[in-house]
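Understanding the architecture of this molecule
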Amino acid sequence: MAIYDWLQVKRKLEEILMMPFVAYGKWKARRQPLKATYDLFCFFSKYELGGAEKVHADIIQCFPDKKIMIFFTRRSGNEKMLHLFAMKNVEIRDISGKTDNKWRYWDNLVWRGICAYYINHQPVKPVVFSGQCNFGYKVFPHIRKDILKAELIHVAEKKFSWITFPYIGVMDKRVMISATIIGRAKEFYRQIGVPDTYAGRIYKIINKTDIPDTLPVREYREPVKIFYAGRGGYPKRIYLIAEIARQCHRLELPVKFYFAGNFEDELPGDIRPYTVYLGQKEGGREMMALHQEMDVLLMTSASEAFPMVIMEAMANGVVVITTAVGGIPEHITHGENGFLIKAEEEKEIIRQGIEQIRSLCNDTTLLRTISRNGRTYAEQNFSTAVFCQAYTKLLFGGL
């Protein structure tokens, strides 16, 4: 028996054991029915600052004519992205106090029944969408088979994929944002014996970003402004950016480094005198203003799908220097619309990053050319119109 088949047996046994809790949840929902009819139910983990959260908000904003219910299922560290979901046609329910409480895990089981009942008993058949949400996966098996269930996968790491594997058969459509991620996912399918038919349920939709009508006139006067914005943690390897900043300072290169995010404790104390920590930036206008003020985005990630911050940077004419990981090389062509650090060893990543920065400091014409090319690429590939058309077709148009 293939690993996938064993996972199905395990999932079904677990569902039998949790049946009393789910049934109780359905009973509670029946006694407290929804007061409105919804076209789309969404399960998202958080509304804190992050690229994935921005994508989820972008998807919701594609459907101003649909009545939408959003369940947020994990505690958010901040509310930086919450305002992007606040639309007249959207009802937001933060149920993380019930679904993200390890001391009262039975509440998680009960809410699977509550959510399933609400969805299954809509007077008009709705659509269900999950943004790589663990709780969403757990609800899917309890939703009627004739109701469309779709999800967006931001990354295809093997560790997280084990969470999704048991639920592949109950999802009608899976969206991934790059050919690299799709290829990795299909390889995982083959390794664990997932039936070939399920590979045909994977669709590629590239994320979008807001593209401003006008750009600031960048003079590229010294110092050149280099920044990183996003999350902390190992995959982002901010310590490599810190080392690049340290060595650029020693070399007296005409640059200044800026950091924006929730990772102040990851920045070494010795670089503070000649770098700037900007704190967290709210999604939307604050991030747009940051991009328009900066010259170069530097990323040294160990793994990525295709980061929103890169898309935003290109749309705002910021020159991108990044490690060539995940789906990034599908969009960044080295020396044309950005620069790729192709090394894998960390010392070589630092060296290549410094050399690239040095070359840009000596050639403002190159900075202008790459800025213009990146902007053009963003206009052609990351527009709202293309993005919303794809999601409308996926969820409501029969794709």
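Look up a bit, the structure's there.
The structure contained in this document is the topic of the report that follows. (Residues numbered from 1 in each chain as written. Predicted model: local features only at pLDDT ≥ 70, side-chain atom pairs only at ≥ 80, totals over all residues. Heavy atoms only, no water.)

Within the protein, the regular secondary structure consists of 15 helices and 13 strands. Whereas a compact globule of 399 residues would reach a radius of gyration of roughly 21 Å, the protein reaches 23 Å, a difference of no more than 12%. Dimensions of the protein along its principal axes, counting C-alpha atoms only, are 70 × 50 × 40 Å. Here the protein holds 399 residues, and 53% of them are scored as buried. Taking the contacts inside the protein whose residues are at least 6 apart along the sequence as the reference set, 69% of them involve residues at least 24 apart. Taken as a whole, the protein presents about 17,900 Å² of accessible surface, with 51% of it coming from carbon and sulfur. Within the protein, one finds 56 positive and 44 negative side-chain charges whose respective centroids are separated by 8 Å. (Helix = DSSP H or I, 4+ residues; strand = E, 2+ residues; numbered from the N terminus. Rg over C-alpha atoms; globule rule 2.2 N^0.38 Å. Buried < 20%, exposed > 50% of the residue type's maximum accessible area, 1.4 Å probe, protein only. Contact = heavy atoms within 4.5 Å. Areas by Shrake-Rupley, 256 points an atom, 1.4 Å probe, with all protein chains shown as cover. Lys, Arg positive; Asp, Glu negative; His and termini not counted. Charge placed at Lys NZ, Arg CZ, Asp CG, Glu CD.)

A full pass over the atoms with the stated rule returns 1 disulfide. One disulfide in the model links Cys 62 with Cys 388; its S-S distance is 2.0 Å. Between Cys 62 and Cys 388, the S-S dihedral sits near -75°, and the bridge is therefore left-handed. Taken together, the residues span a long stretch of sequence, with Cys 62 in the loop between helix H3 (51–60) and strand S2 (68–72) and Cys 388 in helix H15 (residues 384–396) at a distance of 326 residues. Each member of the pair Cys 62 and Cys 388 is classed as buried. Not engaged in a disulfide, the cysteine Cys 42 finds its nearest cysteine sulfur in Cys 133; these two sulfurs lie 11 Å apart. Cys 361 carries a free sulfur, and the closest cysteine sulfur to it, the one in Cys 248, is 7.3 Å from it. What makes Cys 361 buried here is its relative accessible area of 15%. (Disulfide = S-S within 2.5 Å.)

What follows concerns a nonpolar patch on the surface. A grouping of Met 1, Trp 6, Val 9, Leu 13, Ile 16 and Met 19 is seen on the molecular surface, where their side chains present a nonpolar patch of about 670 Å² in accessible area. Assignment of secondary structure puts Met 19 in helix H2 (residues 19–31). (Patch = residues over 30% accessible without salt bridge, like charges linked within 9 Å, V, L, I, M, F, W, Y side chains within 5 Å. Salt bridge = Lys/Arg side-chain N within 4 Å of Asp/Glu carboxyl O.)

Spatially, 6 strands are ordered S10-S9-S8-S11-S12-S13 in an open sheet, and the strand pairing comes out parallel. Of all strands in the sheet, those with a lone pairing partner are strand S10 (275–279) and strand S13 (339–341), marking the two edges. Here the strands of the sheet are splayed against their neighbours by 25° on average, with no regard to which way each runs. Summarising the sheet, strand S9 (residues 255–261) and S10 pair through 4 bridges and their orientation is parallel. Note on S10: the bridge partner recorded for Ala 260 is Gly 279. Relative to the sheet, helix H11 (residues 285–293) contacts strand S8 (224–230), S9 and S10, its axis offset from that of S8 by approximately 150°. Those strands touched by helix H14 (residues 364–381) are strand S11 (296–299), strand S12 (319–323) and S13, and its axis lies near 85° from that of S12. (Pairing = 2+ DSSP bridges. Axes fitted to C-alpha atoms, helices over the stretch in contact; angles between N-to-C directions.)

Another aspect to go through is the nonpolar core. Formed by 135 residues in total, the largest nonpolar core has its most connected members in Phe 129, Phe 257, Ile 310, Ile 357 and Tyr 391. Ranked by residues supplied to this core, first place goes to helix H6 (residues 105–120) with 8 residues. (Core = buried A, V, L, I, M, F, W, Y, C linked by side-chain atoms within 4.5 Å.)

The next point concerns the pattern of salt bridges. With the rule as written, the count across this model stands at 23 salt bridges. The salt bridge partner of Arg 93 is Glu 91, with a shortest N-O separation of 3.2 Å. Because the salt bridges share partners, they merge into one network encompassing Glu 243, Arg 246 and Asp 270.

The terminal C-alpha atoms of H15 lie 17 Å apart, and with 13 residues this matches the ideal 18 Å at 1.5 Å per residue to within 8%. Listed in full, the buried residues belonging to H15 are Phe 387, Cys 388, Tyr 391, Leu 394 and Leu 395. Seen along its axis, H15 keeps its buried residues to an arc of 130°; they face one direction. Away from the buried face of H15 by more than 90 degrees, exposed residues Ala 385 and Gln 389 are located. Structurally, H15 contributes buried residues whose contacts are with strand S1 (40–44), H3, strand S4 (127–131), strand S5 (148–153), strand S6 (173–176) and strand S7 (202–204). (Expected span 1.5 Å × (residues − 1). Arc of directions from axis to C-beta.)

Under the 1.5 Å per step criterion, the end-to-end length of helix H1 (residues 3–17) is 21 Å for 15 residues, consistent within 8% with the ideal 21 Å. Buried residues along H1 sit against H2, helix H8 (158–164) and helix H9 (179–192).

Our next topic: the side chain of Asn 101. Of note, Asn 101 is situated in the loop between helix H5 (96–99) and H6. Engagement of the side chain of Asn 101 in a polar contact is seen with the backbone nitrogen of Trp 103, the distance being 3.0 Å. In this structure Asn 101 touches Arg 75 and Ser 96, once residues within four positions along its chain are discounted. (Polar contact = N/O pair within 3.5 Å; in protein donor to acceptor, adjacent residues only side chain to side chain.)

Attention shifts here to the pairing of S12. With 5 of 5 residues buried, S12 lies mostly within the body of the structure. Side chains Val 319, Ile 321 and Thr 323 of S12 all project onto a buried face; the interleaved residues Val 320 and Thr 322 project onto the opposite face, where all are buried too. Relative to S12, S11 runs parallel, the two sharing 4 bridges. Across the sheet, Leu 297 pairs through a bridge with Val 320, a residue of S12. A crossover connection joins S11 to the parallel S12 through helix H12 (residues 308–315); in handedness this β-α-β unit is right-handed. When S12 meets S13, the two strands line up parallel, connected through 3 bridges. Bridge pairing in S13 places Ile 321 opposite Phe 339. (Right-handed = clockwise from strand over helix to strand, strands pointing away.)

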